[in-house]
Amino acid sequence: MPFIESEPTLHEYVKQLPKAELHLHLEGSVEAQTIQEIHPELTLHEIQTAMRFSGFAGFLKAYVWVSQRLTTAAAYRIALRRLLESLVSQNVLAVEITLSVGVILWKGQALEAIFEALCQECEAHPAIRVRWIFDAIRQFGAGQAAAVFERAAAYRQAGVVAIGIGGDEERGPAIWFADLYRRAQDAGLCLTAHAGETAGPESVWQAIQIGAQRIGHGIRAVEDVKLMAYLREHQIALEVCPSSNVATAAVRTLEEHPLRRLWEAGVPIVLGTDDPALFATSLCKEYALAAELFNFSREELSRLAANSFRFSFDRLSRELGQHVLPAAGE
Ligand code: HPA
Ligand code: ZN
């Protein structure tokens, strides 16, 4: 029998593509089963009920509920173990994990023990390069954020590459954090910010004004031609997470999602999952969606994958991308 090489299916193609994941919250990655592994006294039904939500406010509540189940350093470590196993199985070679340090401090937990446990767990997963983004909650204000960013600077040598702000854009404008962002950059940290997810283009402009080098979501940039041109010219990438945007009702339906329009406008884009457990997604699923719903060709998927390395805040991850996807990054 002659050996006939057949075209890989879309799912095979997506899976074999080397990828990096740049928009992923550890707390939002914890599957119901993993919460049960941590808290055997809870039933799967109780957990799934608490993780079900509608709208952005409902999402934030579910996110806080999951975060509150991460009661010890050991619990965080189990969450990371399950996440890294999943990423490695999807051929994700590098990840920047956002850790809600604002929530950890709000819970009154010792960050030191948690972060030490997380770093130890990383050593057990040499197939993936892990870097960290310490994230503050916008609506908690600049005082709380200062405490988060100080810790990010202190842990730079341990793999923290950047800071971010998340939570509620309307109740915590980026401009509140301008001084802190400047200081973080002076300390050698990179800057990202969730913006243009639930609020409009002016929120993305503000994130840019305080120095953001990437934007979490940023999808409402599609409403502002000048903003799209600015993002393109300054190579500020949007971390676009289509399933997240539908689940939180940032967009009404996947069909209405602006991914394709942003891409056509030349805005740099990196696909992410945001909170895969809460949104029932995975990075492979987001790439498959791009193909199935937004007509991304395989060559375009490969460019998205190249972007995921190219826009990493970590030099080694960028170099890794050039090595594994040499042609796609041009
Ligand atoms: N937006 C705002 N806050 C968040 C998000 C998000 O996508 N994910 C986790 N916290
Ligand atoms: Zn996010």
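None of the values given here were measured: they were computed from a predicted structure. (Residues numbered from 1 in each chain as written. Chains lettered and ligands numbered in written order. Predicted model: local features only at pLDDT ≥ 70, side-chain atom pairs only at ≥ 80, totals over all residues. Heavy atoms only, no water.)

## So, the site of ligand 1
Around ligand 1 lies a shell formed by His 25, Phe 56, Phe 59, Tyr 63, Gly 166, Gly 167, His 194, Glu 197, His 217, Asp 274 and Asp 275. A distance of 3.0 Å separates a nitrogen atom of ligand 1 from a polar side-chain atom of His 25. In this structure, Gly 167 approaches ligand 1 through a main-chain N or O atom, which is 2.9 Å from a nitrogen atom. Compared with its free state, where it exposes 260 Å², ligand 1 has 97% of that area covered by protein. Of the residues forming the shell around ligand 1, the biggest block, 3 residues, is contributed by helix 4 (residues 55-69). Its residues assigned to classes, the shell around ligand 1 comprises 3 nonpolar, 5 polar and 3 charged. (Near = heavy atom within 4 Å. Polar contact = N/O pair within 3.5 Å; in protein donor to acceptor, adjacent residues only side chain to side chain. Areas by Shrake-Rupley, 256 points an atom, 1.4 Å probe, with all protein chains shown as cover. Helix = DSSP H or I, 4+ residues; strand = E, 2+ residues; numbered from the N terminus. Nonpolar A, V, L, I, M, F, W, Y, C, P; charged D, E, K, R; others polar.)

## Observations concerning the side chain of His 125
Within the secondary structure layout, His 125 lies in the loop between helix 7 (111-123) and strand 3 (129-137). The class for His 125 is buried, based on a relative accessible area of 10%. Non-local contacts of His 125, meaning those with residues more than four positions away in its chain, are made with Arg 81, Leu 84 and Glu 85. (Buried < 20%, exposed > 50% of the residue type's maximum accessible area, 1.4 Å probe, protein only. Contact = heavy atoms within 4.5 Å.)

## A closer look at the coordination of the zinc ion (ligand 2)
The zinc ion (ligand 2) binds to the protein through His 23 (NE2), His 25 (NE2), His 194 (NE2) and Asp 274 (OD), with metal-donor distances spanning 2.1 Å. Taken in chain order, the donor set of the zinc ion (ligand 2) reads H-x1-H-x168-H-x79-D. Separated by 169 residues along the polypeptide, His 25 in strand 1 (residues 19-25) and His 194 in strand 5 (residues 190-195) bring together distant segments of the chain. Each of the two residues, His 25 as well as His 194, counts as buried. (Donors = N, O, S within 2.8 Å, 3.2 Å for Na, K, Ca; no water.)

## So, the state of the cysteines
Structurally, a disulfide amounts to a covalent bond that connects the sulfur atoms of two cysteines. Under the criterion given, the structure shown has 0 disulfides. Not part of a disulfide, Cys 122 finds its nearest cysteine sulfur in Cys 119, a span of 5.9 Å. (Disulfide = S-S within 2.5 Å.)

## Some thoughts on the packing of aromatic side chains
The full count for this structure, using the stated rule, is 14 aromatic pairs. Measuring from ring centre to ring centre gives 6.1 Å for Phe 53 and Phe 279, while their planes differ by 70°; the resulting arrangement is edge-to-face. Remark: Phe 279 occurs in the loop between strand 8 (269-271) and helix 14 (283-294) and Phe 53 occurs in the loop between helix 3 (44-51) and helix 4; sequence separation between them is 226 residues. Their ring planes at 50° and their centres at 5.8 Å tell us that Phe 56 and Phe 59 sit as a pair that is tilted. (Phe/Tyr/Trp six-rings, centres within 6.5 Å; stacked < 30°, edge-to-face > 60°.)

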